[in-house]
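# Fold and contact review
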Amino acid sequence: MKKSQPIRMCIACRSRNPQNTLIRLKLSGKEVIAFDGNGKSFYLCDACVKNEKKVKGLVKRFNQDSEHFIKLLTELYLNVSH
């Protein structure tokens, strides 16, 4: 019997996608970092990572340095997809 794929929700657009297609992040102190296996995490879909307006909203939501945050997202996006 084939095991079903876990479905997770993107925090920016609230779309539901298979877990392996999403980027997983966590808030460590005041900095957003790649999920390292400990603590609570959240997911972002590819469409939201590419959407400049959504990224600006996330920068404001998590009170991040926009340049560093965008660099982190693009790095993780390239590692997760394809």
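In this report, we go over the structure that sits alongside the text. None of the values given here were measured: they were computed from a predicted structure.

## As for the side chain of Gln64
Structurally, Gln64 is set in the loop between α2 (52-61) and α3 (66-80). Its relative accessible area of 11% is what places Gln64 among the buried residues. Here Lys30 takes part through its backbone oxygen, which lies 2.7 Å from a polar atom of the side chain of Gln64. The contacts of Gln64, once residues within four sequence positions are left out, are Leu27, Lys30, Glu31, Val32, Val59 and Phe69.

## Notes on the nonpolar core
Core analysis: the largest hydrophobic core is formed by 20 residues, its most contacted members being Ile23, Leu25, Val32, Leu44, Val49, Phe69 and Leu73. At the level of elements, β3 (23-28), β5 (42-44), α1 (46-50), α2 and α3 are the ones that each hand at least two residues to this core. It is α3 that provides the largest number of residues to this core, a total of 5 residues.

## Regarding the sheet that holds β3
The strand order β4-β3-β5 describes an open sheet built from 3 strands, whose pairing is antiparallel. One side of each edge strand has no neighbouring strand; the edge strands of this open sheet are β4 (31-34) and β5. The mean inter-strand angle of the sheet, taken between neighbouring strand axes irrespective of direction, is 40 degrees. Here β3 pairs with β4 via 4 bridges, running antiparallel. When the bridges of β4 are listed, Leu25 appears paired with Ala34.

## Examining the packing of aromatic side chains
By the definition in use, this model includes 1 aromatic pair. Of note, Arg24 hangs over the ring of Phe35, and the distance from its end group to the ring centre comes to 3.9 Å.

## A short note on the side chain of Lys26
As for its position among the elements, Lys26 is in strand β3. Among the polar contacts made by the side chain of Lys26, one reaches the side chain of Asp36 at a distance of 3.1 Å. Ignoring anything within four residues of it in the chain, the contact list for Lys26 reads Glu31, Val32, Ile33, Phe35, Asp36, Asn38, Lys40, Ser41 and Phe42.

Criteria and cut-off values
- Residues numbered from 1 in each chain as written.
- Predicted model: local features only at pLDDT ≥ 70, side-chain atom pairs only at ≥ 80, totals over all residues.
- Heavy atoms only, no water.
- Helix = DSSP H or I, 4+ residues; strand = E, 2+ residues; numbered from the N terminus.
- Buried < 20%, exposed > 50% of the residue type's maximum accessible area, 1.4 Å probe, protein only.
- Polar contact = N/O pair within 3.5 Å; in protein donor to acceptor, adjacent residues only side chain to side chain.
- Contact = heavy atoms within 4.5 Å.
- Core = buried A, V, L, I, M, F, W, Y, C linked by side-chain atoms within 4.5 Å.
- Pairing = 2+ DSSP bridges.
- Axes fitted to C-alpha atoms, helices over the stretch in contact; angles between N-to-C directions.
- Phe/Tyr/Trp six-rings, centres within 6.5 Å; stacked < 30°, edge-to-face > 60°.
- Lys NZ or Arg CZ within 6 Å of the ring centre and 35° of its normal.

Honestly, it's all geometry; don't read function into it.
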